[in-house]
Amino acid sequence: MTKWSTVRQALWTFLVVCSGSAAAQTQGDTLSSFQLLQDAARAPATARVPVSVAFNRASLDDAVREIARQSGLGISYRPDLPELTRRVSLLATRMPAAEALLRVLDGSGLDLMIAPHGRTLMLRSRPAGAAQPCAIAGTIRGADGLPLASVDVRISGTAGRTITGADGRFCIQRLAAGSYLLEAGLLGYEVARVDRVVVPSDAAHSIAISLTPAAIKLTDVVVTPGHFGIAHEAINQPQTLSREQIETLPQLAEDIYRTVNRLPGVSTNEMSAKFTVRGGDDKSMLVKLDGLELFEPFHLKDFDGSLSILDVAAIGGVDLTTGGFSAENGNRLTGVFDLRTTNRIVPKPRTTIGLSLSNARIMSQGSFANGNGLWLASARRGYLDILLKLIDEEGVDPRYYDLLGKVVYQLSPRHRISINALRAGDTGFLEDDDGVGTISSSYGSTYGWLTWDAELGSRLRVESQISTGALDWNRDAEEHGTGNDFDVKDFREFQYVGVKQDWQANLTDRFALKWGGEMRSASADYDYYARVGRTRIESGQRIQFYDSTAATLSPSGTDMSAYVAQRARPWFPLTIETGLRWDRQSVTGTDQLSPRVNAALSIGARTTIRAAWGRYAQPQLLYQLHVQDNEQQFSRPERAEQMVLGIERSFGHGITARVETYRRNEFDLRPRYRNLRGTIEPVAEVENDRVRFDPERARAEGIELFGQRHGVRSSWSVSYALAHAYDVVEGRKQDRPLDQRHTFYLDYSLAPSPAWRLSWSWQYHSGWPITASTFHADSLTNGDIWFIEGFGQHYADRLPSYHRMDLRVTRNFELKRGRLAMFLDVFNLYDRDNPQSYNYNINFRNGRLDVTRGIEPLLPRLPTIGVTWEF
C-alpha cells in the first residue's frame, strides 16, 4: 500500500465515524458498533422503508444514492471504491430499502453494515479472505457420540453440498431465504434427513445430527476390482469423482468421456473422446445408458469421434469398471462404462442453459403427479461450423446435434415405468487446400427404450426392457490430381429390436440370486465402393494402376444371452459372487460360456481386498464388418481370460488409496486394420500405410496405484500405472498403439470460497509405439527421381514422452433466480508440442537421399470460456 492510499483510507474511516450523518453523530455510533446485514427480513423497521426503482445498467454508486434518497437512510462509503462503477439492473415496486440494497450489491464484493439504531448504513469492501457466513451449519456424530468426518451433506434441490471435517462440523453458504430439506449420508450409515430447515434462522446454525450405523446390504457390496463411482446422486455412495469435480475439472468440450480419462488404467489420444481400458481398444468396452447398450456413441466420426453424444449435465451417475465385471454384463473383453441420467425430483421445473466455444446446450427437468413422475429433456447443438466461418476458415463445415428425453412414472410404490429416447446427428464437409479433394458425410444414431421396474414382494425384483435403435453412415469422398487418386462411396445402416429381463432375489441376508436374459434381432446393410489409384516402378517407368473394392451385403441375425449368478456371505467380512454367462450369435452359429468369480474381503472397517477371475467373449457385431478393407465374412468371437487383485483402504479425513494388479490374456482375435503413420485420416482405407494384422494372441498386464482426498475446500487425486499391452503377430511381440509403460496423473482442486474453484491437472506418460518410415529413391528413365516410402518393424519405435498441464477457473454466482457458473479452461497450459506421430522432410542432393524427421504435434494451448445458468 502506498503512502497516499494509507492516508486516504485513514481519512475515509475518520469521516465515516465522525461525520457520516447527523443521525450517526447524535447516536454516538462507532465503527465497531456496525453489524453485517445479510437479509432484509432481519433489518430494523427503519431500513425497511419501501422504495420503487427502475435501474437498467445504472452504476452501483447511482443506485445506492437513489435508494438512500427514497428511504431517508444515511449511507456512508468511500467514494473511490472500485466496485461503485459496476453496472446493475433492478426493477422493484415498493420493495424494502434493505432488500433493494442487498439486491444491487449481490456479487459486488461489498458488505452492507448497519448501525444499531437502523438509520445509518455503511458500505465496505469485503475483507480479503473473509469467509461467507454459514446459511446452515451443524455437527454430525455417530451413535457413540464421536464426530464423523467425510459425511456427505446436501441441501436437496440446490447446489448446496459439502462434507464434514475431522471435527464433524459442516457449513453450507449462499442459500436464499426459504425452507429446505437437508440430507446427510456416509457409507455404512443410514441417510439422515432434516426437514424444514429455515434460512435465515438462528436454529439453523446449531443443527446436531446423529447417524445410525447400517449394515451394507449384500447386493450393495462392491465385489468387482477396478470399480470407480462417478457423480452419484445418492449421498451415501463411495465416489471417485463427485458431481462438482465433473463440472469443474479441466476438460475439453465438457465431455463425460474426457473427464474420466484421468483415472488409472484409462488411455486416450487427446484428439478423440474415445478411451481404452487396460490395453484394449474403445470397441472392447461396453457402454450403457440407463440400462441400454449404446453403439458408436460419438460425434465427428470422420475425426475419430472427437466428442460423445451425451450431455454431461444430464448424467446423474456413472460406474466405470476396468476390471473383472460380473456375469450380467457381456459381449466385451475389457470394461463397462455404465451411465445413468439424472433422477432428481425437483419441486418446480429447473432449466440449465450452457454456452461454450464448442456448443450450446439446454436441459430442463421437472416432476409431476405430486412427485410420482419426473421428466428430463436435453438438447445440444455444436457450432464449430459458425466459429470456423468467423475466422475465415474455408473448406471445413462440421455440424452436430443430440437430443435426449425421458419420462419416469411411479405407477405404485412397487412399480415404476420409464420411457427414454436419444437421437444424435452429424453432417460434415471437408475440402483440401487445393480444392480437388472433398469429403461429404452424415451420421445418425437413434435409440428408444421402455423400462418397467417392479418389486414383487420384499425380496424379489425384476426389470424388463424393450428397445429399438438404428445407426446410419453416409460418406462420399474423392480426390484427383494431387498424387492421390480415389473415389469412395460408403453407405451403411444398422437396425435392431431387443428385449431383456433381469431378476434379483434377496433370499436371505447372506444369500442372493440374480439371473436374466436378452434377445436382439438385428439387420445391417452395406453398400460400399472404392477405387484407389496406386503407383509402382517397373523398368524405370512409373506405372499407375487401380485397386477397387465393392461390397453389397445385407446380413441379419439374432443374438441371445442368459446369465445366472449367486452372491453369498459365508462369513460376515467375506462376500463371494460366482456367475455363468451364455451367449449365442446366429450370424456365425457360435456360442460361448463365460464363468466368472468375484470376491470382496473386509479387514476391519477401513480395508477391503477384492479379487476377480473370469472368461469373456466379444462377438463381431453386424455393423462392424471392415468392408472398406475387403472383409465380407464375420469372424468368430474373440475371447479373454482376466485376473485382477486389489486392496483399498480408507485413512480417514477423506483420504482413500488403492493398489491393483491385473493380467488379461486374449485369444481367437480378429484381424486388425491400422494406419502405420499414427495420424487421424478421414478416409483411412485409401492411404498407403494401411496394414492388416493377424494377431495370434495378446496380453495386457500391469499394476496401478491410486490415492485421493475429498475435502471441504481442497481435493486432490494422484495415480501411477505400470503397464504393458501387446499382440503376438507371426510369433513376435508387438506393442499396441496406445501402450503406455508409465502413466502418471495429478489433479488438485481448491475452493477458496463457495463462489470460486480453481482446478489444476498434470499428466505424464511414456511415448506411444510407432512404426518408423523408411525411404529410398528410384531413378526414372526420363531423369525424374521417385521417392518410395516403406515401413520398418511394426511398432518397434517409440515417440518421445507426453506431458501436459491443464487449468480451469470456475466462478459461481447465486442469483435470485438460479445459479450462474462461468469458467475459463486452458488446455495444455504451457503449450507443449506433444507428439502424435513423426513427419518427414525428403530431399535428394548430389545423388544422395536426405531424410529428416520431425514431430507431428497434437493440440496446442487451447483456452476455452463458457457459461452455464441453472434456474
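Before reading on, note that the structure itself is shown above.
Cut-offs applied
- Residues numbered from 1 in each chain as written.
- Predicted model: local features only at pLDDT ≥ 70, side-chain atom pairs only at ≥ 80, totals over all residues.
- Heavy atoms only, no water.
- Pairing = 2+ DSSP bridges.
- Helix = DSSP H or I, 4+ residues; strand = E, 2+ residues; numbered from the N terminus.
- Axes fitted to C-alpha atoms, helices over the stretch in contact; angles between N-to-C directions.
- Buried < 20%, exposed > 50% of the residue type's maximum accessible area, 1.4 Å probe, protein only.
- Phe/Tyr/Trp six-rings, centres within 6.5 Å; stacked < 30°, edge-to-face > 60°.
- Lys NZ or Arg CZ within 6 Å of the ring centre and 35° of its normal.

Examining the sheet that holds strand 10 (residues 169–173)
Reasoning step 1: Taking strand neighbours across the sheet as the criterion, the 3 strands line up as 10-7-13 in an open arrangement whose pairing is mixed. Only two strands of the sheet have a single neighbouring strand rather than two, namely strand 10 and strand 13 (207–210). Each neighbouring strand pair of the sheet contributes to a mean axis angle of 25°, computed without reference to strand direction.
Reasoning step 2: Here strand 7 (residues 134–141) pairs with strand 13 via 4 bridges, running parallel.

Quick word on the environment of Pro96
Reasoning step 1: Along the polypeptide, Pro96 turns up in strand 4 (residues 87–96).
Reasoning step 2: For Pro96, a relative accessible area of 26% gives the class partly exposed.
Reasoning step 3: With 185 residues separating them in the primary sequence, Pro96 and Asp281 have C-alpha atoms 63 Å apart.

Some thoughts on the packing of aromatic side chains
Reasoning step 1: On inspection of all chains with the given rule, the structure shows 19 aromatic pairs.
Reasoning step 2: Ring centres of Phe295 and Phe494 lie 5.7 Å apart, and the angle between their planes is 85°; on these two criteria the pair is classed as edge-to-face. Here Phe494 lies in strand 30 (residues 486–508) and Phe295 lies in the loop between strand 18 (292–293) and strand 19 (298–299), a separation of 199 residues in the sequence.
Reasoning step 3: Each ring, one from Trp503 and one from Trp515, has its centre 5.8 Å from the other, and the planes form 0°; the classification is stacked. You can see Trp503 sitting in strand 30 and its partner Trp515 sitting in strand 31 (residues 511–538), a full 12 residues away along the chain.
Reasoning step 4: Overall, the relative accessible area of 22% leaves Trp503 in the partly exposed class.
Reasoning step 5: Linked through ring pairs, Phe295, Trp473, Phe494, Tyr496 and Tyr623 together constitute an aromatic cluster.
Reasoning step 6: Across from the ring centre of Tyr496, 5.8 Å away, lies the NZ or CZ of Arg520, which sits over that ring.
Reasoning step 7: The ring of Tyr838 carries Arg853 above its face, with NZ or CZ at 3.7 Å from the centroid.

Brief notes about the sheet that holds strand 5 (residues 110–114)
Consider a sheet: its strands pair through backbone hydrogen bonds, and that pairing is either parallel or antiparallel.
Reasoning step 1: Pairing within the open sheet is mixed, and its 4 strands lie in the order 1-5-6-3. Of all the strands in the sheet, just strand 1 (35–36) and strand 3 (74–76) have a single pairing partner and so form its edges.
Reasoning step 2: Pairing analysis gives 5 bridges linking strand 5 to strand 6 (residues 120–125), with the strands arranged antiparallel. Across the sheet, Leu112 pairs through a bridge with Leu123, a residue of strand 6.

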